[in-house]
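Residues per chain, in single letters:
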Amino acid sequence: MSLPLPKRSSTALRDPDAFFGVQLSQKIGVVVGGSLSKGLVIKLEAHQSIEDLAVGRYIVVHGDKRRFFCMITDIVLDNSNPEIQNTPPDISDAFFRDIYQGYAVFGKIHAQPMLVIDEDGTPKPVKTIPAHFTDVMNATVDDVNAVFGIEDKVHFNVGSPLELDQTQINLNLKRLVERSIGIFGKSGTGKSFLTRLMLAGIIARDQACALIFDMHNDYGWAVVDERGANSKGLKQLLGDRVSLATLDPASTIKRGAGSRRDFDVVIGYDEVEPEDLEMLRETMGFTDAMLDAARTLRGKWKGNWIGKLIDATNEDFDEIEATSPVRVGTLQGLQRRIQRFRKWEFLVEQSTGDSVRNVITHIEQGKSVVLEFGRYGNSVEAYILVANYLTRRIHEHYVDKVERALGDAGLEPNQLLIVIEEAHKFLDPRIASQTIFGTIARELRKYKVTLMIVDQRPSGIDEEVMSQIGTRITALLDNERDIAAVLTGINGAAGLREVLARLDTKQQAIIMGHAVPMPVVVKTRTYDEKFYQAIEGDISGQPIRLAKNGGSGDDNPPPRSPKLGSGGGDRRIR
Amino acid sequence: MVINEKRHVVGRVLRASTTGFDCGTRSSKIDDKHTFGSFVKVPITDDEAVIAVGLIHAIRIDDDALARELVMASVVDNVALIDQRENRMVPVEIGVINIGYRFNGVMVQSLPPRPPLSLSEVELCTADEVYEFTQRADFFRLILNAKEVPSDELIAAALNYASYAYPEAEQYQFRVNCGRKLAMLLSNDLKRLSHVLALIKP
């Protein structure tokens, strides 16, 4: 077809995009609604592929006076007329597709504002929201760096944010260890890997000593991952900074770490107190009456009450019954349960050394201790007994030292991080208030002992304890109750629920709380040769810092932007 | 089609209002300048500082007594036929809807402030003028909301016409951009939208 249109001059050529206004390359949409409590609703630009967005990703809303850092919490398909759902256009035709998509039908995202950077550059908590039709951009490397800063002695690179591989999230280790830490995730999501990664950073950078109750031999020596590859254990990675102890020397020798172990943990019957059995109430079926009976026996038979109970006869029980309110039936029940101790070779009639002293000595020397359970890792009872036994005594020691340090700062002990797995067995709501672990979780940093609890059922942990956990590092969870438990006390939790339930099954976690300025989904670093080199660099005093975040590659980085606060780079929003 | 920079006069204004005008021309002058959906312009003031821009939405050829007689004849003489077409005293009427105006060099996509005076010369817009005018799409609403014009067909014809003002490489994107604007304006009437889109599909 040809029309009698007088020819136009060639100089009049203009950009067709100008027809509806030029779009900025990074703009992904505009704010069209929302609230502070429920988050923002953002209509996507037509050019923005909805498939390129993912929950958990950062976006930045550029308001007139401040930048709002938001996390995508939901993605929605919408249309300008619901009738179109009944008569969908034929978008196999490119022309119709180009017209309908983004205009008659379009994408929307819901985003939760996490923090605000004001005109003066200071991150602040979100107390307002941007106006209608404010531009929404992809978060850039600079945006992420403005919040998370650069890697240095205190800030440890744990991975990169979603879709921003060229930058990194740096966790404030100092803040991480000063309150208890929770590492959660369903089975097979890499909790042990995450824990090892965090511990390597904490120990290599001297932020705390760790006492690790290594239930499944995941941390001390070589670990075979799911692909069958051998990963270095903390002892191999961190050398003298880690002491390897074992409850099961045969297992440690079999795994090739026999000569590298520092000491064996052996506990005498005479060292076990009735209070050490308290936590076995559920797993071994101790009743209140049995625990009272144990106290009575301890009073009557003194030190070797367990050894005597194991071998006691009915006559012995009759005698106890005659002189105390304890019934024979109760004693027999207690005996049957205690007799299981005989299977555990680390429990002996008379201990020749002092395992508690050994652990404390290593910690006082600034070393972390990995206690391997060997074959006893399959016995929850053994794990709980030993963890409770050692922790009670070490905590007492710390309380004593901290109180003495009030008069002499030189006596202040190292920050201690106690790592326990299957934490819900220790922090069950029914026992948490009475156990040492519940006490540690509540006391926080007062006595310089904090917990790192690793668990797959956070809903089984006491609510009060959960509320005291400073930093939560959570891999995929799909149980509603577990998700709710992890999000207790977190701002904007409703939006994060979707994020949490949709994490990848591997190498992804959301970090929330004390150690990060705002919740962040990270693709965690790979525990590989490159990571080993970085850790070895930290130990040798020649740290390898990735330059991509602007790091200088040494431990004297240029001063942080004054806009981001001062001192130790405390960028957290309170 | 011969395209040149000379003036393409469509006709002279017969009657006018701010919403549109009719212009007339001799029936012998009817050619491809008089196309449904063409962009035309007409001065509103003598100094041509204000020029109304419109779209041809109707072309009417009225009858007269002789034409009615000839229609009834069993055989029409060729000379009479040519004479009737070239010399009859009834003009061909071209209906134009106003969609904007130029005021001191600035294109405005709204109704002109005044109608053109009668007998003003109506010309086709040049390609540059069509290109400039279609950089914005505010005139779409004027067409879609116009009464007594076949608005769907008119807007489709106008956009097809305007696309030829664009270089070939830009024509597709121009149509897509127009389609997107129509998708927004006609979002409450999807059947109408799909009809118009089918008409402007390249």
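Right above here is the structure, for reference.
From a predicted model like this one, the values you see are computed outputs, not experimental measurements.

Participant: Whenever I open this one, the overall build of chain A confuses me. Can you help?
Facilitator: Summing up its helical and strand segments, chain A has 19 helices and 23 strands in all. The burial tally for chain A puts 47% of its 574 residues in the buried class.

Participant: I'm lost on the pairing of strand S22 (residues 508–513) of chain A in this one. Help?
Facilitator: Regular strands place their side chains on alternate faces of the sheet. Residue and element names in this part refer to chain A. Judged by how many residues are buried, S22 sits mostly within the fold: six of six residues are covered. Note: strand S21 (residues 469–474) against S22, four bridges, orientation antiparallel. Opposite isoleucine 473, over in S22, you have isoleucine 511 as the bridge partner. Relative to strand S23 (residues 520–524), S22 runs antiparallel, the two sharing four bridges. Bridge pairing in S23 places isoleucine 510 opposite valine 521. Between the end of S22 and the start of S23, which pair antiparallel, lie six residues.

Participant: Would you mind showing me how to read the environment of glycine 54 of chain B here?
Facilitator: All names here are of chain B. When you line up the elements, glycine 54 lands in strand S4 (residues 50–61). Each C-alpha atom, one on glycine 54 and one on valine 122, is 9.8 Å from the other, the two residues being 68 residues apart in sequence. Those residues within four positions of glycine 54 in sequence are excluded, and the remaining contacts are Gly20, Val40, Val96, Ile97, Asn98 and Ile99.

Participant: What is the right way to read the pairing of strand S2 (residues 39–44) of chain A from this model?
Facilitator: Residues and elements named next belong to chain A. Counting buried positions along S2 gives five out of six residues, so the element sits mostly inside the fold. Note that strand S1 (residues 27–35) and S2 share six bridges and pair antiparallel. Looking across to S2, one finds that glycine 34 is bridged to leucine 40. A loop of three residues connects S1 with S2, the two strands running antiparallel in sequence. With four bridges joining them, S2 and strand S5 (residues 105–117) adopt antiparallel strand pairing. What sits directly across from lysine 43, in S5, is lysine 108.

Thresholds, definitions, all that
- Residues numbered from 1 in each chain as written.
- Chains lettered and ligands numbered in written order.
- Predicted model: local features only at pLDDT ≥ 70, side-chain atom pairs only at ≥ 80, totals over all residues.
- Helix = DSSP H or I, 4+ residues; strand = E, 2+ residues; numbered from the N terminus.
- Buried ≥ 20, exposed ≤ 12 C-beta atoms within 10 Å, placed from the backbone.
- Pairing = 2+ DSSP bridges.
- Contact = placed C-beta atoms within 7 Å.

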